[in-house]
Amino acid sequence: MKTTKGLTLIEIIIILMIIGILALFIFPNISEMRRKTEVKSCIGNLWLIQMAKNQWALDEGKVTTSTIEWSDIIPDYLDQYLVCPTTNSSDSYTLNIVGENATCTQDGHVIE
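Quick caveat, the model's predicted, so the values are computed rather than measured. (Residues numbered from 1 in each chain as written. Predicted model: local features only at pLDDT ≥ 70, side-chain atom pairs only at ≥ 80, totals over all residues. Heavy atoms only, no water.)

(A) Structural context of the pattern of salt bridges. A complete count under the given rule lists two salt bridges for this structure. With a closest N to O distance of 2.9 Å, Arg35 and Glu32 form a salt bridge. With Arg35 and Glu32 both in helix H1 (residues 9-60) and three residues apart, this pair spans about one turn of that helix. Given a relative accessible area of 43%, Arg35 falls into the partly exposed group. Note that Arg34 is salt-bridged to Glu38, the shortest N-O span being 3.3 Å. Placement of the pair is Arg34 and Glu38 together in helix H1, with a separation of four residues, close to one helical turn. Its relative accessible area of 19% is what places Glu38 among the buried residues. (Salt bridge = Lys/Arg side-chain N within 4 Å of Asp/Glu carboxyl O. Helix = DSSP H or I, 4+ residues; strand = E, 2+ residues; numbered from the N terminus. Buried < 20%, exposed > 50% of the residue type's maximum accessible area, 1.4 Å probe, protein only.)

Spelled out as structure tokens, the structure:
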């Protein structure tokens, strides 16, 4: 009686096909999770910018219609210039006036 150890070629092919089918379900979810994480990180950056703007306006006695530049809040209120993780572009955020929320160039990246 002959005993064999290990897997046959057919069994290995079936296992690889099952792994491939599972990968089809996993990889789209990973890219969607990454996109959602980037959006949430961008919104977090917008909140940081907005809090820095508000603190600057309070400290300087500015009103909501006052204009603000990046040099007004960096380095005293923000350690560094923030960029949107989706674009990694240096011009991804617009400060606007003190009374308006900072905005991102990407659609859907909005403080609510």
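Resuming the write-up.
(B) Focus on the side chain of Ser66. Within the element layout of this structure, Ser66 appears in the loop between H1 and helix H2 (70-73). Owing to a relative accessible area of 13%, Ser66 belongs among the buried residues under this scheme. For Ser66, the side chain forms a polar contact with the main-chain oxygen of Val63, separated by 3.0 Å. (Polar contact = N/O pair within 3.5 Å; in protein donor to acceptor, adjacent residues only side chain to side chain.)

(C) How the structure looks around H1. For H1, built from 52 residues, the straight-helix expectation of 76 Å at 1.5 Å per residue is met to within 8% by its first-to-last C-alpha distance of 75 Å. Taking the largest bend as the criterion, H1 deviates by roughly 25°, centred on Ala23. Taken together, the buried positions of H1 are occupied by Glu38, Val39, Cys42, Asn45, Leu46, Ile49, Gln50, Ala52, Lys53, Trp56 and Ala57. (Expected span 1.5 Å × (residues − 1). Bend = angle between axes of the 7 residues up to and from the residue.)

(D) Spatial organisation of the nonpolar core. Within the largest apolar cluster, 18 residues are counted, with the highest numbers of intra-cluster contacts made by Leu46, Ile49, Trp70, Ile73, Leu78 and Tyr93. Taken together, the elements giving at least two residues each to this core come down to H1 and H2. With six residues, H1 is the largest single contributor of residues to this core. Those residues in contact with Leu78 that lie beyond four places of it in its chain are Leu48, Ile49, Ala52, Trp70 and Ile73. (Core = buried A, V, L, I, M, F, W, Y, C linked by side-chain atoms within 4.5 Å. Contact = heavy atoms within 4.5 Å.)

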